[in-house]
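# Reading the structure
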Amino acid sequence: MQNNEEEERPTGTSNLVFAVNGHRFELSSVDASMTLLEFLRSHTSFKSVKLSCGEGGCGACIVLLSKYDPLREHIEDFTISSCLTLLCSINGCSITTTEGLGNSKDGFHSIHQRFTGFHASQCGFCTPGMCISLFGALVNAEKTDRPDPFLGFSKLTVIEAEKAIAGNLCRCTGYRPIADACKSFAADVDMEDLGFNSFWKKKESQEVKISRLPFYNRNHEICTFPEFLKREVKSSLPLESKRFSWYKPASIEELQSLLDTIDANNGVQMKIVVVIRRDQSGIEIGASLTISKVIEALKEEWKGEFLSECKVVFKKIAVHMEKIASEFIRNTGSVGGNLVMAQRKHFPSDIVTILLAAGSLVEILTGTMREKLTLEEFLAGASFDSKSVLLNVKIPNCESIKNISPERNSKLLFETYRAAPRPLGNALPYLNAAFLAEVSCSKSSAGIMLNRCQLAFGAFGTKHAIRAWKVEEFLAGKLLTIDILYDAIKLVKANVMPEDGTRNPTYRSINTLMFNDGKSKQNYDCLDHVKFPTLLSSARQVIQINKEYHPVGEPVTKSGAALQASGEAVYVDDIPSPRDCLHGAFIYSKKPFARVKGIEFNSKLLPAGLTALISFKDIPNGGENIGAKTIFGPEPLFADEFTRCSGERLALVVADTQKHADVASSIAVVDYDLENLDRPILTVEQAIKRSSLFEVPSFIYPKQIGDVSKGMAEADHKIISAENQTALAVPDEENCMVVYSSTQCPEFAHAVIAECLGVPEHNVRVITRRVGGAFGGKAIKAMPVATACALAAYKLQRPVRMYLNRKTDMIMAGGRHPMKITFSVCKTNLLSRSAMRAPGEVQGSYIAEAVIEHVASSLSMDADSVRAINLHTHDSLNSFYDVSAGEPLEYTLPSLWDKLATSSSFIQRTEMIKEFNRCNLWRKRGISRVPAVHEVMLRPTPGKVSILSDGSVVVEVGGIELGQGLWTKVKQMAAFGLGSIKCVGVGDLLDKVRVIESNTLSLIQGGLLLGALPLSQAVKQLECAVKPWLTD
Ligand SMILES: Cc1cc2nc3c(=O)[nH]c(=O)nc-3n(C[C@H](O)[C@H](O)[C@H](O)COP(=O)(O)OP(=O)(O)OC[C@H]3O[C@@H](n4cnc5c(N)ncnc54)[C@H](O)[C@@H]3O)c2cc1C
Ligand code: FES
Ligand code: FES
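Residues numbered from 1 in each chain as written. Chains lettered and ligands numbered in written order. Predicted model: local features only at pLDDT ≥ 70, side-chain atom pairs only at ≥ 80, totals over all residues. Heavy atoms only, no water.

The number of helices and strands found in the chain is 34 helices and 37 strands. Put simply, of all contacts in the chain between residues at least 6 apart along the chain, 72% involve residues at least 24 apart. Roughly 50,700 Å² of accessible area belongs to the chain as shown, and the carbon and sulfur atoms make up 55% of that amount. (Helix = DSSP H or I, 4+ residues; strand = E, 2+ residues; numbered from the N terminus. Contact = heavy atoms within 4.5 Å. Areas by Shrake-Rupley, 256 points an atom, 1.4 Å probe, with all protein chains shown as cover.)

This is how it looks when you write it as structure tokens:
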């Protein structure tokens, strides 16, 4: 229930009450497992929060959560991921999404405007989350007691602005423009550092540049906690536990009795008392304290309580914790949850490792028994059962460590380390370590004595972090010499070993040694006095503007970017569900080659909400089992009695909600039969050996020039776009089907759907407005999703929609194509791969570059010289590309090659790098320039331009807006073309042109995703048509 602030409200309700963007919501009951994301997307109009990863890893779903403390009259604002937040947990809270900042009707917020002007949004699926991350940072910066900034700026610093988006994943835009939009709010920003934008011209003065930025008024910022909710919080009652299945015990005793009465094995999740206690013996942290709060407490300045060495230990623990996940995860993730996950599920925790080295203790509650254990004992104990509770963790005062040392003038050292794919966090560690050592100057000889040490290693491929006791014992009481360190490293190697089955064991082992040998400061992310590295290296963007075709070629803002930022842009899954809409989820094969005997559900009762199970048997008479068409032929929608690869679609579960469909598909049990079947083909080599080859269509046979016979390149990129595969199919009159699909190729989806349903193509309409990122993955792989929805909708005569969860999406994407240099295309029992950004060309380039490098190394030549010798001449280009080679004067690669060498000082830099590498044991730096020749083909594609009676213009093209800016280019082309029929030139024509969604029956598509060029023809024809009319 949503109502406005003005309404009279009941006081003292025990219902769930919260606010979203100033609107009040009150719920008298709710499924306790409902997430905030699910609620916002399916029960409100606030669709800016997107589901992408569904597990806290991407930031597409984040919102600002505000809590009010009536006693202190204080509002706390922090970002959270709505996909991991249970709705019941936000009782009495206020939520702000990007819609709450502004919109196209009432005016955009300066965050939206600056994201637009700095060209910081492409497909736009990540943009609402980015805007909220920045907004959260701005809100909190304004609460600091820093001096007031210049007008139009905030109290935010550049470093904070960059950090604000460190947990937000963008698959398309690149972080430079996004970071620039964020930094433009910072009080300490140097305007010269801000990159290319639509606000100012390069040579304009600082003052002019500032005046052109959309104004940020820090005195009129958005209210994050509405007054009505403050009043209600003061008089509210706790949620009625039974009705909401939501318990909030206020004491340990209450918790104990709850655990006794509730079936704790039945999915009960718990968190426990929130306190931080400090005394002479150390710091005790309540288990459910969030990681952010712990960081804050550990960084706090305390007068006198601890030795300064201890304070350093606490601060270093805090600095390490800042690398864990992202800010919005740390704002809700608890230390206790982390420790229990590490104990129970062998989660590769950072917290466990650093606390282990600091000699931490934990307190647990089992039944009525409270017990204190060392962290090591806790980790090594039996799996923590669901009725036991972790109460707190204690980091001891290091004075206690020093007190047991006989050495009085000793010093404590503490270091933590982390090797991970990304330096700023938001990536699990490959390995982590922390070392605490007590050292003193040797009395007998010049040197350092290591009196004792505590060495912890984690995440390297064991069940949980460990103390390296043997190494500690070996080092204790020793004078540190090269020989001793060398022996210690050998001991580490023998004692810190990844278990069998660990990925990249050698890399992890080498890292443990590097952490130990003191080189880590140069090579690894040693978190001592970490200075936040800036996200971006310096760069310069130079755009040459040619006015001849004004406004074509001019850098205008992207069409629809502000709508993307404010969350108003509508993607397929944002379209409201029609009445009686059902939801689908695929059941896919987990065997590469098997007979499918049947599918059942792994529960006594039928899964909740289940409506139908659709398989190849449901293809209507006259229809075909077809899910996609590729140049190698059709691909089945569902496996028939055989599945030919893991990840192949076996059936579609249809249920009343997406959650029910997902749950039903996850508990489906497939009965496979492998008897008398050949072994599956799993590698390209096996395929060649068993002559399993595709018939290559003659038009793509390469023209054989020269003799290519060796080389191998394999790449297994995972393809993800921010928006997962999605479609909505709605049955229409006369056996027709309207399908909203997030596809790059609506016309192919159209044909496949018609063929599958056995209806004429004019009975199908595929509509695509925008796609939340694609990279090739929404070309072929989007078709079966649209087709499956259409088939289910056709059979059930009800709308059916589907939004693949990230796991299914990634499994079905299958990665980038592996490649071996042969003249055949091999057929394996692996899932068909996805076309992805320049399909085939990346693999081809790898192969070509591998050949070049090999030749260079065999001949002891510089690879750059081999590349230069092998650049095409115009003659060789002609042999390969025929007509598309163009005229000799048009072939510019050799001159570009030289120009690049000059503009980048390539030769000088090569020498500098060689010199640097000569002075280092390992080759650490490199430089390379790599040419690429891409054949450009012109294909006829349709375009339609209509001028309406008020002079506004509507354009349709045979291409899809995927974030690449097609609509912007189309608008420019239309404005340019129509410019000549306007007496005063182009003027505001750009604003008059609107490009609309693709609709396969309104405009027959021209294939793939481009299509601005034919527009010029359409505009020309329109120009001829309207000119005489205008003259009259
Ligand atoms: C995207 C992402 C990246 C991450 N990266 C890292 C990383 O790099 N390093 C790292 O160390 N961590 C990382 N984490 C983990 C994170 O730090 C949190 O520890 C984690 O999210 C668990 O916190 P939680 O409070 O939400 O746990 P919950 O999900 O609430 O709890 C986890 C489990 O522990 C149980 N539990 C919780 N508290 C108690 C208690 N007091 N007593 C008994 N049982 C309890 C719960 O019932 C549940 O079964 C990452 C998490 C995410 C989502
Ligand atoms: S963080 Fe929630 S969807 Fe990715
Ligand atoms: S613009 Fe960021 S994911 Fe597409």
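Taking the numbering used here, the UniProt-annotated feature "binding site: [2Fe-2S] cluster 1" (unreviewed entry) corresponds to Cys53, Cys58, Cys61 and Cys83. Maximum C-alpha separation among the annotated residues is 10.3 Å over a sequence range of 31 residues, consistent with a single clustered spot. Relative to the assigned elements, Cys53 resides in the loop between helix H1 (36-43) and strand E4 (62-69). Given the relative accessible area of 17%, Cys53 is considered buried. Those residues in contact with Cys53 that lie beyond four places of it in its chain are Cys58 and Arg806. On the secondary structure map, Cys83 appears in the loop between strand E5 (74-81) and strand E6 (94-96). For Cys83, the contacting residues outside a window of four places in its chain are Thr35, Leu37, Gly54, Glu55, Gly56 and Cys61. (UniProt positions renumbered as here; feature names shortened; annotations may be inferred. Buried < 20%, exposed > 50% of the residue type's maximum accessible area, 1.4 Å probe, protein only.)

Looking now at the pairing of strand E7 (residues 276-279). The pairing of E7 with strand E8 (residues 282-286) spans four bridges and is antiparallel. In the strand pairing of E8, Asp279 is matched with Gly282. From the end of E7 to the start of E8, which pair antiparallel, there are two residues. (Pairing = 2+ DSSP bridges.)

Looking at ligand 1, there are 31 residues lining it, with Ser334, Asn338, Asp350, Leu390 and Arg418 nearest. Measuring from a nitrogen atom of ligand 1, one finds a backbone N or O atom of Leu390 at 2.9 Å. Here Arg418 contributes a side-chain N or O atom positioned 2.8 Å from an oxygen atom of ligand 1. Within the complex, the protein chains bury 86% of what would otherwise be the 970 Å² of accessible surface of ligand 1. Mapped by element, the contributors of at least two residues to the shell around ligand 1 are helix H13 (335-345), helix H14 (350-357) and strand E11 (389-396). With five residues, the single largest contributor to the shell around ligand 1 is H13. Of the residues that constitute the shell around ligand 1, the class distribution is 17 nonpolar, nine polar and five charged. Of the residues that make up the shell around ligand 1, three or more belong to each of domain 1 (16-212) and domain 2 (252-259 + 275-497). (Near = heavy atom within 4 Å. Polar contact = N/O pair within 3.5 Å; in protein donor to acceptor, adjacent residues only side chain to side chain. Nonpolar A, V, L, I, M, F, W, Y, C, P; charged D, E, K, R; others polar. Domains from an automatic or database assignment.)

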